[in-house]
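# Coordinate analysis (summary)
Listed here are the chains, written in short residue letters.
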Amino acid sequence: GAGVSQSPSNKVTEKGKDVELRCDPISGHTALYWYRQSLGQGLEFLIYFQGNSAPDKSGLPSDRFSAERTGGSVSTLTIQRTQQEDSAVYLCASSQSGNTQYFGPGTRLTVL
Amino acid sequence: GQQLNQSPQSMFIQEGEDVSMNCTSSSIFNTWLWYKQEPGEGPVLLIALYKAGELTSNGRLTAQFGITRKDSFLNISASIPSDVGIYFCAGQRFSGGGADGLTFGKGTHLIIQP
């Protein structure tokens, strides 16, 4: 079946603009996770959804970052007033009730 | 945020050599995972470890979950060119709401010299 998909694959934006990143999880997966990967670094956990609720938002780096999930499926990560330090690859993963997390290909965000 | 201590950062080896990498943590995890990431792609799960002391193999890959639940190693035997990539360890905890987000190491970059 189809894996996790993310869009766009690449996004270049100007400092101060808002961006929206989209994640389509594997069908039927109840848990959805967002991570950020900066150049040469491991993945940093941002937020986790179980269904439409977010039990753990502890990883969001600032209040400019928010995420929502509707219908227990698609999720959107929004970054407001982007800064250059927001440049990274944003990865989404989904899992079936806490089992193995399957990752999407990521969105590479570049803030000029 | 918290990260696992993964070493080595990079490895330059000859094709056919064995590879060993490890991760340590100051805190306990319920599950240890090893992922491989290739350029432009998301990480792909190689091996998952669920029990302290567990030793698990997947083809030429072998991984062990430390008895203290604070460390793990991954071995690759008889390396081949397609093993090139970045290998990440990750730890996972389970809370009342389900599985928490993964905590990752910084990765081991495996380079195979011709």
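These lines cover the structure that appears in this document, whether it is placed above or below. What you see is a predicted model, and the numbers here were worked out from it, not measured in a lab. (Residues numbered from 1 in each chain as written. Chains lettered and ligands numbered in written order. Predicted model: local features only at pLDDT ≥ 70, side-chain atom pairs only at ≥ 80, totals over all residues. Heavy atoms only, no water.)

### Some points on the side chain of Q37 of chain B
- Note on placement: Q37 of chain B falls in strand 4 (residues 31–37).
- A relative accessible area of 9% means that Q37 of chain B is categorised as buried.
- Only 2.8 Å separates the side chain of Q37 of chain B from the side chain of Q37 of chain A, close enough to count as a polar contact.
- Beyond its immediate sequence surroundings of up to four residues, Q37 of chain B is in contact with Q37 and L91 of chain A together with G42, P43, G85, I86 and F88 of chain B. (Helix = DSSP H or I, 4+ residues; strand = E, 2+ residues; numbered from the N terminus. Buried < 20%, exposed > 50% of the residue type's maximum accessible area, 1.4 Å probe, protein only. Polar contact = N/O pair within 3.5 Å; in protein donor to acceptor, adjacent residues only side chain to side chain. Contact = heavy atoms within 4.5 Å.)

### Considerations on the sheet that holds strand 8 (residues 75–79) of chain A
Residues and elements named next belong to chain A.
- Strand order in the open sheet formed by 4 strands is 1-3-8-7, with antiparallel pairing between adjacent strands. Every other strand in the sheet has two partners, leaving strand 1 (5–7) and strand 7 (65–69) as the edge strands with one partner each. Between one strand axis and the next, the sheet turns by 15 degrees as a mean value, whatever way the strands run. (Pairing = 2+ DSSP bridges. Axes fitted to C-alpha atoms, helices over the stretch in contact; angles between N-to-C directions.)

### A word on the nonpolar core
- By size, the foremost hydrophobic cluster in this structure holds 21 residues, and its most contacted members are W32, W34, L74 and L110 of chain B.
- Every element with two or more residues in this core is listed here: strand 2 (10–14), strand 3 (19–24), strand 4, strand 5 (44–49), strand 7 (61–65), strand 8 (71–76), strand 9 (85–92) and strand 13 (108–113) of chain B.
- With residues up to four places along the chain from it excluded, the contact list for L110 of chain B reads M11, I13, V19, I76, D83, V84, G85 and Y87 of chain B.
- Core analysis: the second largest hydrophobic core is formed by 19 residues, V19, L21, L32 and F49 of chain A among them. (Core = buried A, V, L, I, M, F, W, Y, C linked by side-chain atoms within 4.5 Å.)

### Side note on the sheet that holds strand 3 of chain B
Residues and elements named next belong to chain B.
- Across the sheet, 5 strands lie side by side as 1-3-8-7-6; this open sheet has antiparallel pairing. The sheet is open, and its two edges are formed by strand 1 (5–7) and strand 6 (55–58), each paired on a single side. Taking the axes of each pair of neighbouring strands and ignoring which way they run, one obtains an average angle of 15 degrees across the sheet.
- Note that strand 1 and strand 3 share 3 bridges and pair antiparallel. Paired with S7 across the strands is N22, a residue of strand 3.

### Regarding the pattern of salt bridges
- This model, assessed by the stated rule, comprises 5 salt bridges over all chains.
- R22 of chain A serves as the salt-bridge partner of D24 of chain A, at 2.8 Å between the closest nitrogen and oxygen.
- A relative accessible area of 22% places D24 of chain A in the partly exposed class.
- Across the salt bridge formed by E38 of chain B and K36 of chain B, the nearest N and O atoms sit 3.1 Å from each other.
- Its relative accessible area of 34% is what places E38 of chain B among the partly exposed residues. (Salt bridge = Lys/Arg side-chain N within 4 Å of Asp/Glu carboxyl O.)

### Here's the deal with the packing of aromatic side chains
- Enumeration according to the criterion identifies 11 aromatic pairs over all chains in this entry.
- Measuring from ring centre to ring centre gives 6.1 Å for F103 of chain A and F104 of chain B, while their planes differ by 75 degrees; the resulting arrangement is edge-to-face. Of this pair, F103 of chain A sits in strand 10 (residues 102–103) while F104 of chain B sits in strand 12 (residues 103–104), on two different chains. Grouping residues by exposure puts F103 of chain A and F104 of chain B together as buried.
- Above the ring of F29 of chain B, the side-chain terminus of R93 of chain B is found at 4.1 Å from the ring centroid. (Phe/Tyr/Trp six-rings, centres within 6.5 Å; stacked < 30°, edge-to-face > 60°. Lys NZ or Arg CZ within 6 Å of the ring centre and 35° of its normal.)

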